[in-house]
Amino acid sequence: TSLDIGRGNLTYEQQWEDKQPLLFYFYFVLIKIANGSFVLFKLLNDMIIFICSVLIFIISKNYFEREHVESIFSSLIFISLMSIPWGTVEYSEIYSLVFLATAFIKINNTKTSSIFLSGISFSVSTLINIGTLLFIIPFLINLYSSTKQKISIISNFSIFSAGLLIPHFIFLIVYASQGLSTIYLTTLIT
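Residues numbered from 1 in each chain as written. Predicted model: local features only at pLDDT ≥ 70, side-chain atom pairs only at ≥ 80, totals over all residues. Heavy atoms only, no water.

Q: Could you give an account of helix 5 (residues 92-107), naming the residues involved and the relevant values?
A: Compared with an ideal rise of 1.5 Å per residue, which puts 16 residues at 22 Å, helix 5 spans 22 Å between its outermost C-alpha atoms and is within 8% of the ideal. Listed as buried for helix 5 are Ser92, Ile94, Tyr95, Ser96, Val98, Leu100, Ala101, Ala103 and Ile107. (Helix = DSSP H or I, 4+ residues; strand = E, 2+ residues; numbered from the N terminus. Expected span 1.5 Å × (residues − 1). Buried < 20%, exposed > 50% of the residue type's maximum accessible area, 1.4 Å probe, protein only.)

What follows is the structure, encoded as C-alpha cells:
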C-alpha cells in the first residue's frame, strides 16, 4: 500500500488496507529513505522507538520533578519492551505514540498555540491509528483540570477541537476530491 503512494495514488485508491492513511505515508517516506533496503527500513523504525523513548523521558521528567532516575528508568523499560525479537517496531501504535506523546507535552502548556498544536498532534496520531482516539478523555480531563476559569475552559476545548478536526477535514477533502470519501470514512470509522 505504501508503494502505491509512489505511483501517484492515494491510500485506498487502488487497494484497501484496514490501517489509517497517514501510516502508509510514513512508511513510504522511510522506504524511500531506505532505498528499498529492509535492514535500513528496520533501523529507521528503531529511530522511531528512540524518539518515543526521548518523549517518555521528557514526560516522566515533568511528572516526577526529581532526579532523572525515574525518567531514565521509564525510557529504558519502554526500550526493553520494544526490543522483543519478533519485530514490533513497525506497528502503527509506535508511530502514533510519537504524536500522542507530543500532544501530551503540548497540552500541559497554557498557551493557545500549544493547545492548538496539541490538537493537531493528537489528530495526526488518530490518522495513523484510530485506536488512539480513546485517549481523548484523559486529554480533555487534563485540559479541564489545568484551566482555571470557566470561559478559558470553553476556549481551550474549542482551540483543541479545532486542531483535532483540521487534519481530518483536510484528508476528507483530499479523498472526496478523488471520489474516495466513502472508502476513507469507512476505513476511519469502521
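Q: Quick one: what's the story with the nonpolar core, residue by residue and with numbers?
A: Counting 31 residues, the largest nonpolar core has Phe78, Ile94, Tyr95, Tyr175 and Tyr184 as the members making the most contacts within it. Contributions of two or more residues to this core are made by helix 2 (21-34), helix 3 (38-64), helix 4 (69-82), helix 5, helix 6 (112-128), helix 8 (150-177) and helix 9 (181-189). Listed in part, the 11 residues of the second largest apolar core include Ala103, Ile115, Ile136 and Phe160. (Core = buried A, V, L, I, M, F, W, Y, C linked by side-chain atoms within 4.5 Å.)

Q: Which residues make up unusual backbone geometry, and what values go with them?
A: For Asn35, which is not a glycine, the phi torsion comes out positive at approximately 55°. By the secondary structure assignment, Asn35 is in the loop between helix 2 and helix 3.

Q: So what's going on with the packing of aromatic side chains? Which residues, and what values?
A: Two measures describe an aromatic ring pair: the distance that separates the ring centres and the angle between the ring planes. In this structure the tally under the stated criterion is 12 aromatic pairs. Ring geometry for Tyr27 versus Tyr95: centroids 5.5 Å apart, planes at 75°, classification edge-to-face. Residue Tyr27 is located in helix 2, and its partner Tyr95 is located in helix 5; the two are separated by 68 residues in the primary sequence. Each member of the pair, Tyr27 as well as Tyr95, carries the same accessibility label: buried. A centroid spacing of 6.4 Å and a plane angle of 15° characterise the contact between Phe171 and Tyr175, whose relative ring orientation is stacked. Taken as a pair, Phe171 and Tyr175 lie in helix 8 at a separation of four residues, close to a single helical turn. The class for Phe171 is buried, based on a relative accessible area of 16%. Here a set of aromatic residues connected by ring pairs shows up, and it is made of Phe24, Phe26, Tyr27, Phe41, Tyr95 and Phe99. (Phe/Tyr/Trp six-rings, centres within 6.5 Å; stacked < 30°, edge-to-face > 60°.)

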